[in-house]
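Here are the chains, one letter per residue:
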Amino acid sequence: MNVFYPKILLITIVTLKYLPAIQQDERQRWLEYCHDDYAKCPNCFGETIKSDCDNFLDNVQVERSFDLEVSNLFGNRKIQYATYDQQNVILKYLVSDGNFDHLQSKCCNGSDNCERLWTNKSLVETLKTELLRVFKTKDNAAGFQICPTDAVTRFMEVFSDQNIHAWVLLNLNVEPLVVNALSSRNFSVPTLHGSCGFVTLQSNNGLPLYSFYDQSFAVRLLIAKNLLSAALQFSYGVEGFRIYLTDATPDNIVVDATTFDVTFVDLDDVFVVDSKTFPSSQVVHRHEKIDCDGMCFAYVPDELCSHHLSDINLFAICQLFIKDLNRMMPDDGLLHSVPDTISRQYPELQQLINQCIDGNIDGDRFVSVNLLVDLINKILFN
């Protein structure tokens with residue numbers, strides 16, 4: 001008898017025996033995050049946070065994942081797969097080590113009476129003012145950018161309920177504000193099922209985009225169409241706010257394996273422009289590819305900030321069809337290996353993809369993308 005099988009059986013028995021304890025330990029770890037958050041900033045949360053977190057996490061079954069454990073160990077994020085109400089979800093801890101302490105220090109501005117600012121309910125409005133000041137000086141830990149900077153007040157009116165928790169997230173990790181506001185408007189983002197402290201629970205909507213690179217061409221074409229539609233939606237944005245995706249990599253786009261709907265994740269680095277500050281401008285910014293070392297996506301912030309609309313999202317998506325540079329596989333994009341029958345019958349397919357990347361047709365990628373979406377519909381459904 002092969003000794004390999006008894007070993008597997010032994011591992012299985014041990015795992016089943018200790019799984020409840022492992023899950024309990026994992027749940028306790030996430031609960032401690034919530035309780036620690038309250039201790040640092042009572043003004044950020046309601047007084048019932050401890051019991052709320054207990055009840056919230058009672059319904060969450062955490063799972064162990066080797067790839068996430070490696071990511072947590074070497075990265076700067078704490079995330080974990082879980083199930084909640086029979087749905088696949090992801091637990092995220094939004095605050096990186098040291099970032100909250102840095103924010104507290106900047107808000108206190110060297111004051112010896114720092115603790116009162118974060119714990120005294122009578123100082124809530126003062127704390128909001130300080131959080132706004134810190135954000136405008138860009139002396140925070142967030143990757144989020146908005147221009148003009150003064151538009152942040154209107155942004156908070158649209159994207160949040162403007163409590164202290166929201167103002168802290170603006171400075172540390174804007175993702176839950178963006179996800180919550182966009183999911184309610186049917187954008188291709190996760191659903192936020194709940195939060196407790198700086199822990200959030202959001203839907204797990206599928207597998208990374210690169211997992212579908214070996215699917216049939218028809219499936220990949222449908223995914224491409226969904227990506228283009230989402231890129232247009234983000235570009236036009238919400239209530240005048242253009243939302244530019246500065247990290248639209250195959251790792252940060254997931255796809256449902258049944259419907260092939262796409263979801264953009266890790267939205268803490270979005271670049272937002274208030275187009276209402278350009279009442280008379282009709283000039284669309286045309287993004288030019290910028291070479292950079294390593295796996296990166298380069299852009300010029302001042303160019304985005306000086307135009308009421310940019311086509312940067314469209315470029316970011318179209319270049320994934322041809323060159324998956326983020327995985328260092330330059331000849332293996334999503335739409336690789338176009339079937340000969342498709343190439344002969346629809347030669348304009350490759351032309352429109354190239355035009356989206358290169359930005360021709362009078363420099364208007366929006367024209368190219370809309371024509372490309374129409375063509376894909378024709379190929380798939382005619």
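We now turn to the structure provided with this report. (Residues numbered from 1 in each chain as written. Predicted model: local features only at pLDDT ≥ 70, side-chain atom pairs only at ≥ 80, totals over all residues. Heavy atoms only, no water.)

Some remarks on the sheet that holds strand E8 (residues 241-244)
Under the convention used in this document: In this description, strands pair whenever DSSP reports at least two bridges between them. What counts as a helix is a DSSP run of H or I of at least four residues, what counts as a strand is a run of E of at least two, and both are numbered from the N terminus. To get an axis, fit a line to the C-alpha atoms, keeping to the stretch in contact for a helix; angles then go from 0 to 180 degrees between the N-to-C directions. In what follows, a contact means two residues having at least one pair of non-hydrogen atoms within 4.5 Å.
Reading across the sheet, the three strands line up as E4-E11-E8 and stay open at both edges, with mixed pairing between neighbours. A strand with exactly one partner marks an edge of an open sheet, and here the two such strands are strand E4 (145-147) and E8. Averaged over neighbouring strand pairs, the angle between their axes works out to 20° when direction is ignored. As paired elements, E4 and strand E11 (residues 271-274) share three bridges and run parallel to each other. Each bridged residue has a counterpart across the sheet, and for Cys 147 the counterpart in E11 is Val 273. Running at roughly 85° to E8, helix H7 (residues 152-159) makes contact with E4, E8 and E11 of the sheet.

Quick word on the sheet that holds strand E10 (residues 262-264)
The antiparallel open sheet is built from three strands, whose spatial order is E7-E9-E10. On the outer flanks of this sheet lie strand E7 (207-208) and E10, each paired with one strand and no other. Pairing between strand E9 (residues 253-255) and E10: three bridges, direction antiparallel. By the bridge assignment for E10, Ile 253 is matched with Phe 264. Where helix H10 (residues 217-236) meets the sheet, it contacts E9 and E10, and its direction lies at approximately 40° from that of E10.

Looking at the packing of helix H14 (residues 348-358) against helix H15 (residues 365-381)
Operational definition: Working rule for angles: under 35 degrees goes down as roughly parallel, over 145 as roughly antiparallel, 65 to 115 as roughly perpendicular, anything else as oblique. Crossing handedness is read from the near helix: turned anticlockwise from the far helix by less than a right angle, it gives a left-handed crossing, and turned clockwise, a right-handed one. Classes in brief: Ala, Val, Leu, Ile, Met, Phe, Trp, Tyr, Cys and Pro nonpolar; Asp, Glu, Lys and Arg charged; the others, Gly included, polar.
In the contact formed by H14 and H15, the axes pass within 9 Å of each other and the chain directions differ by 155°. Between H14 and H15, the interaxial angle falls into the category roughly antiparallel. The crossing of H14 and H15 is left-handed. Every residue of H15 that contacts H14 at Glu 348, Leu 349, Leu 352, Ile 353, Gln 355, Cys 356, Ile 357 and Asp 358 is listed here: Arg 365, Ser 368, Val 369, Leu 371, Leu 372, Leu 375 and Ile 379. Class assignment of the residues belonging to the contact of H14 with H15 gives a composition of ten nonpolar, two polar and three charged.

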